[in-house]
Amino acid sequence: MNSTQAINSTDSADFPYQFARSRRFSLGVPRHFTLSPDGSRVLFVRTVSGTDPVGRLWQYEGGTERLLADPALLVGAGSGAVPEEERLRRERARERSVGVVSYATDSAARLVAFALSGALWAVRTDGGAPFSVPAAGPVVDPRPSPDGRHIAYVSRRCFHVVDLSGTDHRLAAAEGPDVSYGLAEYVAAESMHRMRGYWWAPDSRHVLVARADTGPVERRYIGDPADPTKPPRAIPYPAAGTPNAEVTLQILSLAGQRVDVEWDRTAYEYLVDAGWDAHGPYLAVQSRDQRVVRTLSVDPATGATAVLHERTDPAWVELVAGTPARTASGALVLPEDDGDTRYLTVGGRRVTPEGLQLCAVLGVEGERVLFTGSEDPLETHVWRHDPGHGCRRLSRGPGRYTGVARGGTVVLSGVTPRGNEVGVLRGTGRGAAAGTASGPESGPESDTGTGTGADSGTGTGIHDDASSPCPEVIASLAEEPLVTPRPRHLLLGERQLRGALFLPSWHEEGAGKLPVLLDPYGGPGGQQVGRDREWPSCVSQWFAEQGFAVLVVDGRGTPNRGPAWEKAVLGDQLTPALEDQVDALRAAGARFDDLDLTRVAIRGWSFGGFLAAAAVLHHPEVFHAAVAGAPPTDQRLYDTHWKERYLGDPEEHPENYVRSSLAGHGHLLRRRLLLIHGLADDNVAAAHTLRFSAELLAAGKPHSVLPLPGATHLPADDTVNARLLLFQRDFLLDALAAGVDAG
């Protein structure tokens, strides 16, 4: 037995508790990076250990970290209550910590604003203690003006601007209980990933502010059955086929003037994103069927808009984070799908090569564009496009990376096979280095590099060729997992499905058969298979240590294998996804004799939970037990933007919703099924599980239900999260041992 085997076998019993108290190994990880204009200073948020949940604000400069704000010294040891709007924002962001969880700065990164327990705080990065700023009420999403003289914030759904002396101006008052200014509505935050609702102008005298009216939106009422004395909360939730919030934009001046931004909101009801740069305000809007996205410029004097660009797609236009954007010269930075590649375009020209999938635009500085891209679905790297030099890959070594760049400095943050790593690269703003990637063929309509692409490398996770300086490191204080993942990365079946097989560290091949556990997410927007040590791989290895051969597969519909792969689920989110799990299982079984295909289980959460339940319904000849956590069983109950993207309008295409739902198919159940659901889940409502359970009962189909009182889509209680892993393990082992077949 080698050292890894010894560690895994010894410590696997304690892993569920470590997993829970470390909040899925997120605590202690540096995040939310901001660079000063000259690149000398890095701001970030981090807790002080891998089990401390309180986020603190830090500055890194000259190789030294300095603590700028410690909530324990400002508001005490407790996290304190936060406004309801902030609680909802954190739920949408899947925030797992407390204290300083977000912040914003002025353009010089000299003034930092943040909220603690609803109070407004600020600190200057050039010295001095944090100071409170008087506000009109509980504060949400404070952001300093570019010149650092004012801070904007939202309080009780009204939009305010306050100067540092405490002189407060309410620039927009909510006209009723359904109206808010400066906040992202539900589908924007949950399904478009637009987490903000206002944008400062460069002149610091005007603000572009979103107004959301949820009056037309259906209400859901979420109570706490464990506390019948507590009144339910009313949640505006636009289910597929029902009205959305009415979202508009206004330009507000600090002097009190207001200009309404005009666009065809009947044709383009979704506000995808917005911004304000040196060329003026701009926004991206999308049609309800999601087949058209327009980028619009705004005249700040009149509110009139003009079309700068239009993207169309017969399936849907995929939204790419960080777009639209503009360079200093005004060139639009946008994605473009063609064939099986998602390209980056700058000024209408493709600047990335075929096969490099654009993932996100991270930022624009001058004419340079920092972005993430994927040449291999198992890795995501940080790239920079520089006119005249093409595209250069900045991150090295296997992993999934993101980053920020400013003033010749790049901060690279990645999850590598060794865990979370953060490197600070200085002097990266001059020319190209070894490892450039060529764009399209040379010509008047293309930018072309000179090389053939950066090699995969095995270095420290940053660009480590001889022409680059040695990186500085911002330490991650995250806990080292007690279980070390040992994945075998596989290409499976005729579709070359990316998979990872986790075997027990103590298992000797050929010594005996192992029951198989599939552990997928398998849906849009998420990948589980990668050359990294994300928390899902640790959980998969822990299940392997319990005696399973664990197989994880990313099938059709998952990102970073090209537009055609993503859009193979149009009109049917179930059949292709489930076929890929079955095909991968059979291919793995043919390659590895130790996989016992007569004992196969599957588990998952959210889309993965949906996939797990569907597996035992539709393929009982393959799958013998399932654990389905928070499964969306009836697709009509899910939100407009997410579900209509894939299945269309339920009134026009009801068949898509029928074929993609578990509801209506409960009579097919023949295998053991455990349903788990948080009763406070406002994303996938508990009604999904409760209604499906009632259907199963009416059909005479035995099953188990584990309700989680007070839990949302991402359960937060450490004890619950630890026990959930153990509960699932025991259920699956018992189910496979019993070999129950009610049919």
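Residues numbered from 1 in each chain as written. Predicted model: local features only at pLDDT ≥ 70, side-chain atom pairs only at ≥ 80, totals over all residues. Heavy atoms only, no water.

Enquirer: Explain the overall build of the protein to me, using residue names and the numbers behind them.
Expert: Scanning the protein from N- to C-terminus turns up 13 helices and 45 strands. With respect to the three principal axes, the spread of C-alpha positions in the protein is 75 × 65 × 55 Å. Counting every position in the protein, which comprises 743 residues, the buried fraction comes to 57%. Of the contacts made within the protein by residues no fewer than 6 positions apart, 61% connect residues no fewer than 24 positions apart. For the protein, the computed accessible surface area is about 27600 Å², with 51% contributed by carbon and sulfur atoms. Counting 74 positive and 92 negative side-chain charges, the protein places the averaged centre of each group 2 Å from the other. (Helix = DSSP H or I, 4+ residues; strand = E, 2+ residues; numbered from the N terminus. Buried < 20%, exposed > 50% of the residue type's maximum accessible area, 1.4 Å probe, protein only. Contact = heavy atoms within 4.5 Å. Areas by Shrake-Rupley, 256 points an atom, 1.4 Å probe, with all protein chains shown as cover. Lys, Arg positive; Asp, Glu negative; His and termini not counted. Charge placed at Lys NZ, Arg CZ, Asp CG, Glu CD.)

Enquirer: Now, about the side chain of Arg 533: what can you tell me, with residues and values included?
Expert: Mapped onto the fold, Arg 533 is located in the loop between strand 40 (514-518) and helix 6 (535-545). Taking the relative accessible area as the measure of exposure, Arg 533 reaches 15% and is therefore buried. Of the polar contacts made by the side chain of Arg 533, one reaches the backbone oxygen of Arg 418; its length is 3.2 Å. In this view, Arg 533 contacts Val 415, Thr 416, Pro 417, Arg 418, Gly 419, Glu 480, Pro 481, Pro 485 and Cys 538; residues no more than four positions away in its chain are not counted. (Polar contact = N/O pair within 3.5 Å; in protein donor to acceptor, adjacent residues only side chain to side chain.)

Enquirer: Let's hear about the confidence of the model for the protein: which residues, and what values?
Expert: Residues with a pLDDT of 70 or more make up 92% of the protein, whose mean pLDDT is 92. Contacts for the low-pLDDT stretch residues 430-460, under 50 throughout, to residues beyond four places or in other chains number 78 contacts. For the stretch residues 462-467, pLDDT sits under 50, and the model shows 24 contacts to residues farther than four places along the chain or on other chains. (pLDDT = per-residue confidence, 0-100.)

Enquirer: Give a detailed account of the nonpolar core, specifying residues and quantitative values.
Expert: Formed by 43 residues in total, the largest nonpolar core has its most connected members in Leu 492, Leu 501, Leu 518, Leu 551, Leu 585, Phe 623 and Leu 673. Of all the elements, helix 9 (residues 607-618) adds the most residues to this core, at 9 residues. Ala 500, Val 529, Val 627 and Leu 736 belong to the second largest nonpolar core, which has 32 residues in total. (Core = buried A, V, L, I, M, F, W, Y, C linked by side-chain atoms within 4.5 Å.)

Enquirer: Provide a residue-level description of the sheet that holds strand 28 (residues 349-350), including the pertinent values.
Expert: Strand order in the open sheet formed by 4 strands is 25-26-27-28, with antiparallel pairing between adjacent strands. Of all the strands in the sheet, the pair left with one neighbour each is strand 25 (325-326) and strand 28. Bridge count between strand 26 (residues 332-338) and strand 27 (residues 341-346): 6 bridges; the pairing is antiparallel. Opposite Leu 334, over in strand 27, you have Thr 345 as the bridge partner. (Pairing = 2+ DSSP bridges.)

Enquirer: Which residues make up the packing of helix 8 (residues 575-591) against helix 9, and what are the values?
Expert: For the pair helix 8 and helix 9, the least separation of the axes is 10 Å and the interaxial angle reads 70°. Taken as axis vectors, helix 8 and helix 9 run roughly perpendicular relative to one another. From helix 8, Ala 577, Leu 578 and Gln 581 reach across to helix 9, where they touch Phe 607, Leu 611, Ala 614, Ala 615 and His 618. A class-by-class count of the residues in the contact of helix 8 with helix 9 yields 6 nonpolar, 2 polar and no charged. (Axes fitted to C-alpha atoms, helices over the stretch in contact; angles between N-to-C directions. Parallel < 35°, antiparallel > 145°, perpendicular 65-115°, else oblique. Nonpolar A, V, L, I, M, F, W, Y, C, P; charged D, E, K, R; others polar.)

Enquirer: How would you sum up the pairing of strand 35 (residues 419-425)? Please name residues and give values.
Expert: In terms of burial, strand 35 is largely enclosed, as 5 of its 7 residues are buried. Pairing of strand 34 (residues 409-416) with strand 35 involves 7 bridges; the strand directions are antiparallel. Bridge pairing links Leu 412 to Gly 423 in strand 35. Linking strand 34 back to strand 35 in an antiparallel pair, the connection comprises 2 residues. Pairing analysis gives 2 bridges linking strand 35 to strand 37 (residues 472-473), with the strands arranged antiparallel. Considered in strand 37, the bridge of Val 424 is made with Glu 472.

Enquirer: How would you summarise the packing of aromatic side chains if you had to cite specific residues and measurements?
Expert: Each aromatic ring pair is described using two quantities: the centre-to-centre distance and the angle formed by the ring planes. Tallied over the entire structure, the rule returns 16 aromatic pairs. When the ring of Phe 15 is compared with that of Phe 19, the centres are 5.9 Å apart and the planes differ by 25°; the resulting orientation is stacked. Taken together, the positions of Phe 15 and Phe 19, both in helix 2 (residues 15-21) and 4 residues apart, correspond to about one turn of that helix. On the basis of relative accessible area, Phe 15 is assigned to the buried category, the value being 0%. Ring geometry for Phe 19 and Trp 535: centres 5.7 Å apart, planes at 50°, overall tilted. Separated by 516 residues along the polypeptide, Phe 19 in helix 2 and Trp 535 in helix 6 bring together distant segments of the chain. The exposure class of Phe 19 is buried, given its relative accessible area of 5%. When its relative accessible area of 28% is taken as the criterion, Trp 535 is described as partly exposed. (Phe/Tyr/Trp six-rings, centres within 6.5 Å; stacked < 30°, edge-to-face > 60°.)

Enquirer: Pulling in residues and values, what's your account of the pairing of strand 12 (residues 158-163)?
Expert: Taking burial as the measure, the 6 residues of strand 12 include 6 buried ones, the bulk of the element. Of the two faces of strand 12, both are covered, the one formed by Cys 158, His 160 and Val 162 as well as the one formed by Phe 159, Val 161 and Asp 163. Here strand 11 (residues 150-155) runs beside strand 12; their pairing, made up of 6 bridges, is antiparallel. Bridge pairing in strand 12 places Ile 151 opposite Val 162. The antiparallel pairing of strand 11 with strand 12 creates a hairpin that spans 2 residues between the two strands, and Arg 156 there sits at a positive phi of about 50°. Alignment of strand 12 against strand 13 (residues 168-172), held across 4 bridges, turns out to be antiparallel. The residue of strand 13 that forms the bridge with Val 161 is His 169. Connecting strand 12 to the next strand, strand 13, in antiparallel fashion are 4 residues, including Gly 166 with a positive phi near 105°.

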